[in-house]
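Reading the structure
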Amino acid sequence: MIRVYCEHITPRHQYIFDFIFKDILGSECHLTNDREQFVSSPDPKINYSSEEIPGTIRFMPHGLLSEEGVKNQEIQFNKSDTKTIELLNTGTLEQLNNRTHDQWPFDPFAIAFYLVSRYEEYLPFKPDEHGRYRVENSTAYKEKFLHVPLVDAIAHELKKLLENKNSGLKFPGQPFSFVPSFDIDIAYAHLGKGWVRATAAWMKLFLTADFSQVNERIKTLTGEIKDPYDNFSLHSELAKKYRHPLLYFVLLGDFGRYDRNTFFKSERFRKLLLELSLSAEMGLHPSYRSHLRPDIFEEEKRRLGDLVKKEISRSRFHFLRLKFPESYRMLIAQGVTDDYSLGYSTQNGFRASTCTPFLFYDLQKEEITKLRLHPFIFMDSAMIDHLQLTPQEAFNEITGLVDQVKKYGGEAVGIWHNYSLSEKGQYKGWQEVLIRIMEQYQDQYQ
């Protein structure tokens, strides 16, 4: 049990101290504003106040945790303290505890709350063409610590500080887990299209004189070869061989410009989803327009539940379209307990600066919710389409990120698409990346 003294306790205090000490470090944490009780307690102590209390580790509050609502915050890294900047950017904070006093040059709890609550995403910003928050807007990108789970690094330095000051104190921490997840945006390249879409596909192939694709389509439809996007048996084989969980997010929206999956009434598609659900967890991939449309979301969630005959409690928004706090309020109202949308479409890294799943904090209501957010740290399409990495470069980047998660005992979630494993065109060599990554972190899921 860690005792924390605060002059005033708000939901923000409770939220971030619970996240750091319970969720990341696996310990109990008790906040109090009773100074006498705090002083008399035999438990390890943190003084998070403006008051001087002898014999305690003290952190001077910035003030963010005592505020309500959202306003522009002036986030400044002290450029004169070059060592602190270097440590923050690399996540190697050990030297902070080598200083001659307990006072760090920043408020770790305010920084953690600002980053994990996604405070900056509530403020006005210039969105991208899909209405999304741009990675370039983020503090982590601007200050060059996007590839660092900074909040976890801070938590583990707090752990070291407390263990050094309290003989016999040990934090249990959390186990590392590697979670490969797959978005089924387009289940098949040629099969299950329906006669209207199939006719349009034939016309496009002949008009462009793409006869290699015509030949492939004919062979696929006649059963001579397997549909190039149908590599689901590979996922299952790898998961079984290397003892990984499988997690799918399925797009079941009505056909549109950005929603082009197989028709949900296709018998082939329905059979595929039911088979996948027997050995994998199934989540909804809400369609492009659904992130602010409860009526659309509800219908798509019903479709998936009916198809796999399971209650659906997991979600990841298609195109990663989400808006704070409206999109997450909608998920809560629809009975979703876990969301996997938090990450960027153009860059790998830690969008919330943590590798530990956390509860969504509604800043407008100042409320701790029960919706748990699972940030992802890499996505195949970001590496292929935007970063334009080679398969080997992608493997190196992924292992670099996952190894950091492993260091802190977090959850490493990655996103794959079955079409990127087709070994066709620009996707040549990417199936091998999946195989090597699954092997590299085999049997790591606790």
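The notes below deal with the structure included here.

Calculation criteria
- Residues numbered from 1 in each chain as written.
- Predicted model: local features only at pLDDT ≥ 70, side-chain atom pairs only at ≥ 80, totals over all residues.
- Heavy atoms only, no water.
- Core = buried A, V, L, I, M, F, W, Y, C linked by side-chain atoms within 4.5 Å.
- Buried < 20%, exposed > 50% of the residue type's maximum accessible area, 1.4 Å probe, protein only.
- Contact = heavy atoms within 4.5 Å.
- Phe/Tyr/Trp six-rings, centres within 6.5 Å; stacked < 30°, edge-to-face > 60°.
- Helix = DSSP H or I, 4+ residues; strand = E, 2+ residues; numbered from the N terminus.
- Salt bridge = Lys/Arg side-chain N within 4 Å of Asp/Glu carboxyl O.
- Expected span 1.5 Å × (residues − 1).
- Axes fitted to C-alpha atoms, helices over the stretch in contact; angles between N-to-C directions.
- Parallel < 35°, antiparallel > 145°, perpendicular 65-115°, else oblique.
- Left-handed = near helix turned anticlockwise from the far one by under 90°.
- Nonpolar A, V, L, I, M, F, W, Y, C, P; charged D, E, K, R; others polar.
- Pairing = 2+ DSSP bridges.

Before going further, it helps to examine the nonpolar core. Residues Ile16, Phe17, Phe21 and Phe109 are the most contacted members of the largest nonpolar core, which totals 119 residues. Among all residues touching Phe109, those that are not within four sequence positions of it are Ile16, Phe17, Ile20, Phe21, Ile46, Tyr48, Phe59, Leu65 and Leu158.

Once that is clear, we can look at the packing of aromatic side chains. In this structure the tally under the stated criterion is 29 aromatic pairs. Ring geometry for Phe59 and Phe109: centres 5.6 Å apart, planes at 90°, overall edge-to-face. With a gap of 50 residues between them, Phe59 in the loop between strand S4 (57–58) and helix H3 (82–90) and Phe109 in helix H4 (residues 108–116) connect regions that are remote in the sequence. Across the pair, exposure class does not vary: Phe59 and Phe109 are buried alike. Residues Phe178 and Tyr441 carry aromatic rings whose centres are separated by 5.5 Å and whose planes lie at 35° to one another, so their mutual orientation is tilted. Here Phe178 is found in strand S5 (residues 177–184), whereas its partner Tyr441 is found in the segment after helix H15 (430–440), with 263 residues between them in sequence. Residue Phe178 is classed as buried on the basis of its relative accessible area, which comes to 0%.

Locating Ser353 in the fold gives a position in the loop between strand S9 (338–339) and strand S10 (358–362). Taking the C-alpha atoms as reference points, Ser353 and Ala140, 213 residues apart in sequence, are found 7.3 Å from one another. When neighbours within four sequence positions are excluded, Ser353 is seen to be in contact with Leu115, Ala140, Phe145, Val148, Pro149, Leu150, Val151 and Asp152.

One pass over the full model with this rule turns up 23 salt bridges. The closest approach of N and O atoms between Glu299 and Arg302, which form a salt bridge, is 2.6 Å. With Glu299 and Arg302 both in helix H11 (residues 294–308) and three residues apart, the pair spans about one turn of that helix. Look at Glu299 and you get partly exposed, because its relative accessible area is 29%. A residue is classified by how much of its surface remains accessible, and Arg302, at 41% relative accessible area, is partly exposed. One salt-bridge network, held together by shared partners, links Asp254, Glu299, Arg302, Arg303 and Asp306.

The end-to-end C-alpha separation of helix H14 (residues 391–408) is 26 Å, in line with the 26 Å expected for 18 residues at 1.5 Å each. Its buried side turned inward, H14 meets helix H6 (150–165), S5, strand S12 (376–379), helix H13 (380–386), strand S13 (411–417) and H15. Two residues or fewer past H14, Gly409 is found with a positive phi of approximately 75°.

Before going further, it helps to spend a moment on the packing of H4 against H6. Across the interface, H4 lies against H6 with an axial gap of 10 Å and an inter-helix angle of 155°. In terms of orientation, H4 lies roughly antiparallel with respect to H6. By crossing handedness, the relation of H4 to H6 is classed as left-handed. Where H4 abuts H6, its residues Pro108, Phe109, Ile111, Ala112, Leu115 and Val116 lie against Leu150, Val151, Ile154 and Leu158. Tallied by class, residues from the contact of H4 with H6 come to 10 nonpolar, no polar and no charged.

Looking at the element boundaries, Cys29 is found in strand S2 (residues 29–32). By relative accessible area, which is 7% here, Cys29 ends up buried. When the C-alpha positions of Cys29 and Phe17 are compared, they lie 7.1 Å apart, and in sequence the two are 12 residues distant. Each residue touching Cys29, except ones within four places of it in the same chain, is listed here: Met1, Ile2, Val4, Phe17, Asp18, Phe21 and Lys22.

With that settled, the discussion passes to the pairing of S5. Within S5, eight of the eight residues are buried, leaving the element largely enclosed by the surrounding structure. The alternating pattern of S5 places Ser177, Val179, Ser181 and Asp183 and Phe178, Pro180, Phe182 and Ile184 on opposite faces, both of which are buried. In terms of strand pairing, S5 meets S13 through seven bridges, oriented parallel. Residue pairing across strands places Ser177 opposite Glu411, the latter belonging to S13.

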